Amino acid sequence: MINKIKALAKEYEKEIIERRRHFHMNPEISWNETETTKYIAQELRNLGCENIKVGFGGTQCGVIADVTGGKPGKCVALRADIDALPLNDEKDVAYKSQKAGAMHACGHDAHTSVLLGAAKILTQIKGDLKGKVRLMFQPAEESGIRPGAKALVDGGALDGVDAAFGIHVMSTIPSGVLEYRSGPFMAAADTLEILIGGKGGHGSTPESAFDPTIAAFQIGSALQSVVSREICPRDTAVVSICGIKTSSHVFNIIPERVEIVGSCRTFRPEVQDRVEEAIGRISRGVGESLRCKIDLKYTRILPATVNDASVTELVKSTAEKLMGADKVRESALIMGSEDFSYYANKVPAAFVSLGTGAPEKKTDMPHHSPKFDVDEDALYLGAALHAAFAWTFLNQELSEKGK
Ligand SMILES: [Zn+2]
Ligand SMILES: [Zn+2]
């Protein structure tokens, strides 16, 4: 069956690429993906999918549907994110974005067309499928504060689902190579805002002010000890100060307030708790010693993406059969974050990276850059992997895993 799936994916390759270009030319940013949603829903109707549900999070964005197999069994969810980013496309290609201020610079156009390709493969083999496949086309992965994955989970997209699978294309990995990782894979993303309240005054008379800039300098330095002195060296964490703003920016005014913003990344809840606690304790201690008032707002934006060991093993063995063992390798931890974590927190799941980086085709540019592109020659493999994983999960008994 794996060979048949791969042959079908190759057969649909042209269509997958054409569709990817359609999405690339017509990008829609997070929570604005109404036309993209309509396009996908129509295609799912054409394929004869069932239980099509359009619109999540009180919007008309996002769509889920089922491919129901000919025999009873479990339910496996396959996920694609469909949103673009708010930036201008600076590539010189025929399929460049037609919209100013919107661009598929993370490859979610590829994810969408790849999953539609998988849907077509699955409808061809559904008579042999035990159980059903839930296709999830999710909006707003990039939104940060309002994750599309959470809206899908809240909207019941995972009801009755036994496992979930997702793929991200990756420009830093050679085209056609798959990377997997069991356990923690992508970091949790938190934001920190520290508001330092002092007492302003004249730059020439510091003794009459409580200077919040001095507190900000010292807090910024002291926070460098969170990762180096508070976190076990075997754990991984990042605390980055990314911005400092004073309430006035004049050469002879000591400002009233300073605001520090930054980003924290961790993989384990215990480490995340410790980072938040230490940032609060150190900021307050240092700030108060300098007669400033500290308000910390620490926001947990996205949980860490933790892959289930047995689902990951199944993905790995399926990918090896499909692509060859030399094209499948273990990933390093990724400090970036993904809202796929909301699915992985709910059901056993695996999220993997599919390489689309080919320097000779200029598809090795960083994600979120205005020249980002994907090597389309790898996309049929993504469609095949989605379908092959679903088939293997539904049709193989546990004891047969990896055969
Ligand atoms: Zn992205
Ligand atoms: Zn992405």
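Residues numbered from 1 in each chain as written. Chains lettered and ligands numbered in written order. Predicted model: local features only at pLDDT ≥ 70, side-chain atom pairs only at ≥ 80, totals over all residues. Heavy atoms only, no water.

## Structural notes on a nonpolar patch on the surface
Argument step 1. The grouping of Val 250, Phe 251 and Ile 253 at the surface amounts to a nonpolar patch, some 340 Å² of accessible area in total.
Argument step 2. With respect to the helices, strands and loops of the structure, Phe 251 is situated in the loop between strand S10 (237-246) and strand S11 (253-254).
Argument step 3. Judged by its relative accessible area of 81%, Phe 251 falls in the exposed class. (Patch = residues over 30% accessible without salt bridge, like charges linked within 9 Å, V, L, I, M, F, W, Y side chains within 5 Å. Areas by Shrake-Rupley, 256 points an atom, 1.4 Å probe, with all protein chains shown as cover. Salt bridge = Lys/Arg side-chain N within 4 Å of Asp/Glu carboxyl O. Helix = DSSP H or I, 4+ residues; strand = E, 2+ residues; numbered from the N terminus. Buried < 20%, exposed > 50% of the residue type's maximum accessible area, 1.4 Å probe, protein only.)

## A short note on the coordination of the zinc ion (ligand 1)
Argument step 1. In this structure, Cys 106 (SG), Glu 142 (OE) and His 368 (NE2) serve as the protein donors to the zinc ion (ligand 1), at separations of 2.1 to 2.3 Å.
Argument step 2. Written as a sequence motif, the donor arrangement for the zinc ion (ligand 1) is C-x35-E-x225-H.
Argument step 3. A separation of 3.1 Å is found between the zinc ion (ligand 1) and the zinc ion (ligand 2), both of which receive a donor from Cys 106. Here Cys 106, found in the loop between strand S3 (71-81) and helix H4 (108-125), pairs with Glu 142, found in the loop between strand S4 (130-138) and helix H5 (148-154); they are 36 residues apart in sequence, far enough to count as distant. (Donors = N, O, S within 2.8 Å, 3.2 Å for Na, K, Ca; no water.)

## Considerations on the coordination of the zinc ion (ligand 2)
Argument step 1. Within the protein, Cys 106 (SG), His 108 (NE2) and His 168 (NE2) serve as the donor atoms for the zinc ion (ligand 2), at 2.1 to 2.5 Å.
Argument step 2. When the donors of the zinc ion (ligand 2) are listed by position in the chain, the intervening gaps give C-x1-H-x59-H.

## Brief notes about the environment of Val 76
Argument step 1. Tracing the backbone through its elements, the reader meets Val 76 in strand S3.
Argument step 2. On the accessibility criterion, Val 76 (0% relative accessible area) is buried.
Argument step 3. In the structure, Val 76 is positioned 55 residues away from Gly 131 in sequence and 8.3 Å away in space, judged by C-alpha atoms.
Argument step 4. Those residues in contact with Val 76, other than ones at most four positions away along the chain, are Lys 132, Val 133, Arg 134, Ala 163, Phe 389, Ala 390, Phe 393 and Leu 394. (Contact = heavy atoms within 4.5 Å.)

## Regarding the confidence of the model for the chain
Keep in mind that low pLDDT regions are not for reading the predicted coordinates in detail.
Argument step 1. Here the chain averages 96 in pLDDT, while 98% of its residues score no lower than 70.
Argument step 2. Low pLDDT, under 50, characterises residues 398-403; the predicted model gives this stretch eight contacts beyond four residues in sequence or across chains. (pLDDT = per-residue confidence, 0-100.)

## What about the side chain of Lys 91?
Argument step 1. Tracing the sequence through the fold places Lys 91 in the loop between S3 and H4.
Argument step 2. Not counting the four nearest positions on each side in its chain, Lys 91 is found in contact with His 24, Lys 96, Met 103, Pro 370, Lys 371, Phe 372 and Asp 373.

## Observations concerning the sheet that holds S4
Argument step 1. The mixed open sheet is built from eight strands, whose spatial order is S1-S2-S4-S3-S5-S16-S6-S15. Two strands bound the open sheet, and with one partner strand each, they are strand S1 (50-54) and strand S15 (328-330). Across the sheet, the mean angle separating the axes of adjacent strands is 25 degrees when strand polarity is ignored.
Argument step 2. Here strand S6 (residues 178-180) runs beside strand S16 (residues 349-357); their pairing, made up of two bridges, is antiparallel. Within S16, the position partnered with Glu 179 by the bridge is Ser 353.
Argument step 3. With respect to the sheet, H4 is in contact with strand S2 (63-68), S3, S4 and strand S5 (163-174), its orientation differing from that of S3 by roughly 160 degrees.
Argument step 4. Running over the sheet, helix H11 (residues 379-395) touches S3, S4, S5, S6 and S16 and is turned about 150 degrees from S3. (Pairing = 2+ DSSP bridges. Axes fitted to C-alpha atoms, helices over the stretch in contact; angles between N-to-C directions.)

## Quick look at the pattern of salt bridges
Argument step 1. This model, assessed by the stated rule, comprises 30 salt bridges.
Argument step 2. With a shortest N-O distance of 3.3 Å, Asp 295 and Lys 293 are connected by a salt bridge.
Argument step 3. Among the salt bridges present, the one from Lys 361 reaches Asp 375, with a minimum N-O distance of 3.0 Å. Within this pair, whereas Lys 361 is found in the loop between S16 and H11, its partner Asp 375 is found in the loop between S16 and H11, the two being separated by 14 residues in sequence.
Argument step 4. Residue class for Asp 375 comes out buried when judged on its relative accessible area of 6%.
Argument step 5. Here the salt bridges do not stand alone but share partners, grouping Arg 20, Arg 21, Asp 109, Asp 373 and Glu 376 into one network.

## Some words on the packing of aromatic side chains
Argument step 1. Under the definition given, this model contains six aromatic pairs.
Argument step 2. Between Phe 340 and Phe 351, the aromatic rings sit 4.7 Å apart at their centres with planes inclined by 25 degrees, giving stacked as the arrangement. On the criterion of sequence distance, the pair formed by Phe 340 in the loop between S15 and helix H10 (341-344) and Phe 351 in strand S16 is long-range, its members being 11 residues apart. As far as burial versus exposure is concerned, Phe 340 and Phe 351 are alike and both buried.
Argument step 3. Taken together, the aromatic side chains of Phe 185, Phe 340, Tyr 343 and Phe 351 make up a single cluster linked through ring pairs.
Argument step 4. Looking at Lys 74, its charged tip hangs above the ring of Phe 393, at a distance of 4.4 Å from the centre.
Argument step 5. When the ring centre of Phe 210 is taken as reference, the NZ or CZ atom of Lys 199 above it lies at 5.2 Å. (Phe/Tyr/Trp six-rings, centres within 6.5 Å; stacked < 30°, edge-to-face > 60°. Lys NZ or Arg CZ within 6 Å of the ring centre and 35° of its normal.)

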